[in-house]
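# Architecture at a glance
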Amino acid sequence: MRRRTLLAAVLALLMTLTACAGLPSESEVKPGLALGPGPGEPFRIDYDGPRAGASQNDIVRGFLRAGAGFENDHEVARQFLTARLAEKWVPERKVVVHTGETNFTVKHQPPDHVTVGVKAVATVNSQGYYTDLSASAHRSARFTLQKVEGQWRISALPKGFGLWVSALDFERLYQAFGVNYIDPKTRAMVPDVRWFPTGPGLATSLARAQLEPVPAYLRGAVETGVPSGASMAVDAVAIEDGTATLDLNARARDADVEHRKMMWAQFLTTLDQSPSVRRLTIRVDDAPLEVQGLSHSPTDPSDVGYGLTAPVDQPALLRSGTELTRVDATRIDLPPVHPKSAPELPQVPIGWIGLAASPSGDQLAAIGGDHKDLGRWEGETFHMVPRFATDLTEPSFGSQNGLWVAGQAGGRSRLWVINTITTMADALPEEVAVPWLGDRQIIDFRMSRTDQRAVIVLHDPKTDRDQVAITAVKRDRHGNPVGLTPPKRIGSTLISVTDVVWVSDRSVAVLGRTSTRERIRPFVIDIGGQLTPLNPVEGARSITATGQGGSQGLLVVTDRDKVLTRAGASWPEYGPGTDIVVPGS
């Protein structure tokens, strides 16, 4: 979780003073500033209600400003509305994140309308999905007012209007959370990242999200234990002395034994993110939702046989020319390591690029410099896969015995997987269906460490731009890959991407740019959609991740064959290297 800095505290104090004084409460900020709150309560700012004799413009400004006050269901903001509108307004319907109130353009349109415009940074929909907007994005809203007992109040909002929140307030009030689903084969949790306000209502927001069906981009790859039609029987999750009580309607009893276990594992994992929750009780019709075989309610997903699967960490491989060396990539000086019983490392001829290593570290793969050949190594044994495509992407190993690669064949982009258990000479590429691809080209494809999802980079010839998206793997009853789910796009403001890697189960990193005027630089994208730029790296050619420490575990190789590790916000140089490979990344 991100920790609040002293700067954020100072900014919050200034915002408190300006809000109470009725002055503009924001200054322009840049997207991606990591000034957000931790998992606890956000800084509280007391906003003023409408003052007597306020103009129409002042009423609209006051309403927009007070929207960042979440206390008592936006009690202060509702004071700027007529009584009828205050009852109907749904703030969570849609959130527009903007650059600050000082950038508002406010225009009075006599006799009773006010139009406000602002530069927008992002939006968050009612389900909590975050979407970055382009640098030129603008939003406007037209408000209707009427007098109530001699005072102006807003009587009509634009259709679908929810909240306008400054980027600074958004970092203070909102945070990304995982809504968890189940891979029935590995019994691992697979998070779908959403953005919700922190504070007293967090547990309720998380519970409501968990009750929803599996998102489209994961459907067919993961499951939920929640039966269709199950919902909350009361308005909110009650929390007393750290115990959260989730009351569900009678449909929750429709779950069989295994799906009850899934349901418990999902709610335990998801609600555990609320700092107010230390224990969980699930009830249906005022009776505990029991799990056959357990004498007590589960307290941890492992009680019902589910949980996060932690892959076995293997040393990274530092490549210098043709030589490979095992190193500890979690340390900034990348010291050599010599694990017992490790197979001999092969020499990799200069012409092979895009080196990848299996999660166990015992297999390697790379493509030829012309992107037409795929080579494999097991120990020092080499095998050239018979040619099957051109424009091959860098290969990616999955944890369920698959080697993935995309390329061109038959005039279109395709995706293949090779069974890594079969002997190298007998293993042939098997095509995996990607029916939604159209005329787009797969230019990068990386399996996640737990193998349910992949990050895919597509090039759209219509726009001549690249797209980053998350997709999931559909498998048959034997666990064999048969297709990919329709993707969910993330980092939507990126226009060009040259490399991508999983950072954690909730984020990826790319080398890319959001404008033709920019140089290629590193970014981190949480799979909820938010794009965060990192400090530029001159000549960045490839990026990889250790899987530990979030973005602090990133490593970059430059076009001058220098390996850079990450320390704080900087990129200190480790030394020479043509590539560095983390097994299973």
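A short tour of the structure in this document, coming up. (Residues numbered from 1 in each chain as written. Predicted model: local features only at pLDDT ≥ 70, side-chain atom pairs only at ≥ 80, totals over all residues. Heavy atoms only, no water.)

### Considering unusual backbone geometry
Cis geometry marks the peptide bond from P110 to P111; its omega dihedral reads 5°. Along the chain, the position of P111 falls in the loop between β2 (105–109) and β3 (113–125). Residue D241 is not a glycine yet carries a positive backbone phi of 50°. Here D241 lies in the loop between β10 (238–240) and β11 (243–248). Of note in the backbone geometry, D451 takes a positive phi value of approximately 80° without being a glycine. Along the chain, the position of D451 falls in the loop between β24 (441–447) and β25 (453–460). D451 gets classed as buried once you look at its relative accessible area, which sits at 1%. (Helix = DSSP H or I, 4+ residues; strand = E, 2+ residues; numbered from the N terminus. Buried < 20%, exposed > 50% of the residue type's maximum accessible area, 1.4 Å probe, protein only.)

### Observations regarding the sheet that holds strand β23 (residues 430–431)
Here we have four strands laid out as an open sheet, ordered β20-β21-β22-β23, and antiparallel in their pairing. In this open sheet, the two strands that pair with only one neighbour each are β20 (396–397) and β23. Of the strand pairs in this sheet, β20 and strand β21 (residues 402–409) are connected by two bridges, and their pairing is antiparallel. Directly across from S396, in β21, lies its bridge partner W404. (Pairing = 2+ DSSP bridges.)

### Comments concerning the packing of aromatic side chains
Enumeration according to the criterion identifies 16 aromatic pairs in this entry. Considering the side-chain rings of Y130 and F170, the 5.7 Å spacing of their centres and the 50° angle between planes classify their relative orientation as tilted. Of this pair, Y130 sits in strand β4 (residues 130–132) while F170 sits in helix α5 (residues 167–173), placing them 40 residues apart in sequence. As far as burial versus exposure is concerned, Y130 and F170 are alike and both buried. An aromatic cluster is defined as three or more aromatic residues linked by ring pairs; in this entry it consists of F63, W89, F104, F143, F161 and W164. Its guanidinium or amino end placed over the ring of Y306, R187 lies 4.0 Å from that ring's centre, counting from NZ or CZ. For the cation-ring pair, R521 lies above F523, with the distance from its terminal atom to the ring centre recorded as 5.8 Å. (Phe/Tyr/Trp six-rings, centres within 6.5 Å; stacked < 30°, edge-to-face > 60°. Lys NZ or Arg CZ within 6 Å of the ring centre and 35° of its normal.)

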